[in-house]
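Letter by letter, the chains look like this.
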Amino acid sequence: MIESQPNLDYIITPVGGGGLLSGTILSSKNFSSKTKVIAVEPEGANDAFRSLESGVLVESHTPNTIADGLLTKVGSINWEIIKPGVSEILLVNDKEIMSALELIVQRMKIIVEPSSATVLAAVLKNRVLFKNKNVGLIISGGNFNLLP
């Protein structure tokens, strides 16, 4: 992403266990130091947000969200990269996630899991923050069951 879009102001990624976010932070730091990394987490699984807010890795975590790929707790090794490296962590609720997922399916014609739709949900929720900015969204994962 950085290679094809070298003037990114922000890269936005979902956060669950923190591996994707940690890798994004390290890549951004090494290849585009001016690009800020923002993470997105569901309100119902907000351990990374609470950890960043308190400055200490949250150990207690009872997640409840439709974004099942983000139900995991941030790992301690990842936390050591996330804490100094993430610009901020934004929260989105399940309704916002599903609205973003629907938009991705309708407009982009791709299937992504709810966890991945969190990044678009955050942009839609925080339009003012991203207005007139070059923003890259990490959208990955197709674990989505269409059958009841």
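Please refer to the structure higher up on the page.
Worth saying up front: this structure is predicted, and the values here are computed from it rather than measured.

Peer 1: For this particular structure, what's the right way to read the sheet that holds strand 2 (residues 36-42)?
Peer 2: Note: strands within a sheet are paired through backbone hydrogen bonds, in either parallel or antiparallel orientation. With respect to topology, four strands assemble into an open sheet ordered 3-2-1-4, the strand pairing being parallel. Each edge of the open sheet carries a strand with a single partner, namely strand 3 (88-92) and strand 4 (135-137). Adjacent strand axes in the sheet meet at a mean angle of 25°, parallel and antiparallel pairs treated alike. Relative to strand 2, strand 1 (residues 10-14) runs parallel, the two sharing five bridges. Its bridge partner being in strand 2, Thr13 is matched across the sheet by Ala39. Of the strands in this sheet, strand 1, strand 2, strand 3 and strand 4 touch helix 5 (residues 114-125), which is tilted by about 135° from strand 1.

Peer 1: It is not clear to me how unusual backbone geometry should be interpreted in this structure. Could you clarify?
Peer 2: Outside of glycine, negative phi angles account for most residues, and trans bonds account for most peptide bonds. In this structure, Lys109 takes a positive phi of about 60° despite not being glycine. Here Lys109 shows up in the loop between helix 4 (94-108) and helix 5.

Peer 1: What should I look at first to understand the side chain of Glu41 in this one?
Peer 2: Mapped onto the elements, Glu41 comes out in strand 2. The charged side chain of Glu41 is buried without a salt bridge, its nearest counter-charge being Arg50 at 7.0 Å. A polar contact of 2.8 Å, which involves the side chain of Glu41, links it to the backbone nitrogen of Phe49. In contact with Glu41, other than residues within four places in its own chain, are Val15, Asn46, Asp47, Ala48, Phe49, Ile89, Leu90, Leu91 and Val92.

Peer 1: Teacher, can you tell me more about the packing of helix 4 against helix 5 here?
Peer 2: Axis angle and axis distance: for two packed helices, these are the angle between their axes and the distance between the axes, and together they describe the pair. Direction vectors running N to C along helix 4 and helix 5 enclose 100°, while the axes themselves pass 7 Å from each other. Between helix 4 and helix 5, the angle is such that the two are roughly perpendicular. Counting all contacts with helix 4, which are made through Glu96, Ile97, Met98, Ala100, Leu101, Leu103 and Ile104, the residues of helix 5 involved are Pro114, Ala117, Thr118, Leu120, Ala121, Leu124 and Lys125.

Peer 1: Before we go on, may I ask you to explain the packing of aromatic side chains in this structure?
Peer 2: In this description, an aromatic ring pair is defined by two values, namely the gap between the centres and the angle between the planes. Evaluation of the coordinates by the stated rule reveals one aromatic pair. Ring geometry for Tyr10 and Phe130: centres 5.3 Å apart, planes at 85°, overall edge-to-face. Of this pair, Tyr10 sits in strand 1 while Phe130 sits in helix 6 (residues 127-130), placing them 120 residues apart in sequence. Grouping residues by exposure puts Tyr10 and Phe130 together as buried.

Criteria and cut-off values
- Residues numbered from 1 in each chain as written.
- Predicted model: local features only at pLDDT ≥ 70, side-chain atom pairs only at ≥ 80, totals over all residues.
- Heavy atoms only, no water.
- Pairing = 2+ DSSP bridges.
- Helix = DSSP H or I, 4+ residues; strand = E, 2+ residues; numbered from the N terminus.
- Axes fitted to C-alpha atoms, helices over the stretch in contact; angles between N-to-C directions.
- Contact = heavy atoms within 4.5 Å.
- Buried < 20%, exposed > 50% of the residue type's maximum accessible area, 1.4 Å probe, protein only.
- Lys, Arg positive; Asp, Glu negative; His and termini not counted.
- Salt bridge = Lys/Arg side-chain N within 4 Å of Asp/Glu carboxyl O.
- Polar contact = N/O pair within 3.5 Å; in protein donor to acceptor, adjacent residues only side chain to side chain.
- Parallel < 35°, antiparallel > 145°, perpendicular 65-115°, else oblique.
- Phe/Tyr/Trp six-rings, centres within 6.5 Å; stacked < 30°, edge-to-face > 60°.

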